[in-house]
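As a plain string of letters, each chain reads:
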Amino acid sequence: MTTAIRKLTLDEYLAYDDGTDARYELVDGELLKIPPESDRNNLISLYLLSQFLKFVPIQLIRHKDTELVVIGNRTRVRVPDLMILTQELLEAIALGRATITSDMPSPALVVEVVSPGKVNEDRDYRYKRSEYAARGISEYWIVDADRARITLLTLVDGLYEEAVFQGTDIIRSVTLPMLNLTAAQVLTAGQV
């Protein structure tokens, strides 16, 4: 005999508090605990943050702290590693919770740093790819240190076109054309 798990609505998720500092994503009505990141992943996202700050005002950047509502079988809420907002989106979330709801504009760019394991790879390469495309996010980076590559997805007519950067390849971003980084610089960030 199986017991049906009660699915949370978006409003219930936004009001949820289990009394801990645990962070969650909402996936098809179920809470998914976000595990702590590896030190390597933290260094990569911090390095990218430091590079983005050279070209983007700080108020337009979010680092592991802003929820993004996307649509799956049911409502899903993701917490990307790094986002660049548009001015219009900044104004839409300025006075409320750091949650980008479905009635708000999309971020200009989202970065996910892949954690090891098939579940994490599937989430970043498959599910988030389709969710972010459906959400209209112009550019999505998948930074994968285990595979030593950065997959940059650019939205064209509702679908992502893919470019893969490795080693000394210079990352070509439509959102950040002035960025002059190689894949290796990003993937080895903070390593001594």
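Just so we're clear, the structure is a prediction, and the values are computed from it rather than from any experiment.

Procedures and definitions
- Residues numbered from 1 in each chain as written.
- Predicted model: local features only at pLDDT ≥ 70, side-chain atom pairs only at ≥ 80, totals over all residues.
- Heavy atoms only, no water.
- Helix = DSSP H or I, 4+ residues; strand = E, 2+ residues; numbered from the N terminus.
- Expected span 1.5 Å × (residues − 1).
- Buried < 20%, exposed > 50% of the residue type's maximum accessible area, 1.4 Å probe, protein only.
- Arc of directions from axis to C-beta.
- Contact = heavy atoms within 4.5 Å.
- Salt bridge = Lys/Arg side-chain N within 4 Å of Asp/Glu carboxyl O.
- Core = buried A, V, L, I, M, F, W, Y, C linked by side-chain atoms within 4.5 Å.
- Pairing = 2+ DSSP bridges.
- Axes fitted to C-alpha atoms, helices over the stretch in contact; angles between N-to-C directions.

It is worth spelling out helix H2 (residues 39–52) at this point. For H2, with 14 residues, the first-to-last C-alpha span of 20 Å sits near the 20 Å given by 1.5 Å per residue. Those residues of H2 that fall on the buried side of the exposure criterion are Asn41, Ile44, Ser45, Leu48, Leu49, Gln51 and Phe52. Axial view of H2: buried residues confined to an arc of 165°, hence all on one face. Of the surrounding elements, those touching the buried residues of H2 are strand E3 (61–63), strand E6 (82–84), strand E8 (109–113), strand E9 (139–144) and helix H5 (183–187).

The next thing to look at is the pattern of salt bridges. Under the criterion given, the structure shown has 14 salt bridges. Here glutamate 112 makes a salt bridge to lysine 128, at a shortest N to O gap of 3.1 Å. Of this pair, glutamate 112 sits in strand E8 while lysine 128 sits in helix H4 (residues 118–135); the two residues are 16 residues apart in sequence, bridging distant segments of the chain. The residues glutamate 112 and lysine 128 share a single accessibility class, namely buried. For the salt bridge of aspartate 122 with lysine 118, the shortest nitrogen-to-oxygen distance reads 2.9 Å. Note that aspartate 122 and lysine 118 are positioned in helix H4 at a spacing of four residues, about one turn of the helix. Given the relative accessible area of 16%, aspartate 122 is considered buried.

Moving on, we come to the side chain of asparagine 41. With respect to the helices and strands, the residue asparagine 41 is situated in helix H2. In contact with asparagine 41, other than residues within four places in its own chain, are Val113, Val114 and Ser115.

This part takes up the environment of arginine 6. Structurally, arginine 6 is set in the segment before helix H1 (10–15). Residue classification places arginine 6 among the exposed positions, given a relative accessible area of 56%. With 24 residues separating them along the chain, arginine 6 and glutamate 30 place their C-alpha atoms 8.0 Å apart. Apart from residues no more than four positions distant in its own chain, arginine 6 is found in contact with Glu12 and Gly29.

A rise of 1.5 Å per residue sets the reference length of H4, with its 18 residues, at 26 Å; its end C-alpha atoms lie 24 Å apart and thus fit the reference within 8%. Of the positions making up H4, those classed as buried are Asn120, Glu121, Asp122, Arg123, Asp124, Tyr125, Lys128, Glu131, Tyr132, Ala133 and Arg135. One or two positions beyond H4, positive phi appears at glycine 136, with a value near 85°.

Turning next to the nonpolar core. Formed by 44 residues in total, the largest nonpolar core has its most connected members in Leu48, Phe52, Val111, Trp141 and Val143. Those residues in contact with phenylalanine 52 that lie beyond four places of it in its chain are Ile61, Leu82, Ile84, Leu109, Val111, Trp141, Leu176 and Leu179. Counting residues in each nonpolar core, the second largest holds six residues, with Tyr13, Tyr24, Val69 and Val77 among its members.

Spatially, six strands are ordered E3-E6-E8-E9-E10-E11 in an open sheet, and the strand pairing comes out mixed. Sheet topology places E3 and strand E11 (159–165) at the edges, where each strand pairs with a single neighbour. On average, each strand axis in the sheet is inclined to that of its neighbour by 15°, with strand direction left out of account. The strands touched by H2 within the sheet are E3, E6, E8 and E9, with E8 carrying the most contacts at an inclination of about 155°. Most of the contacts of H4 go to E9, to which it runs at about 170°, and overall it touches E8, E9, strand E10 (149–156) and E11.

Everything listed here is a matter of geometry and, on its own, says nothing about what the molecule does.
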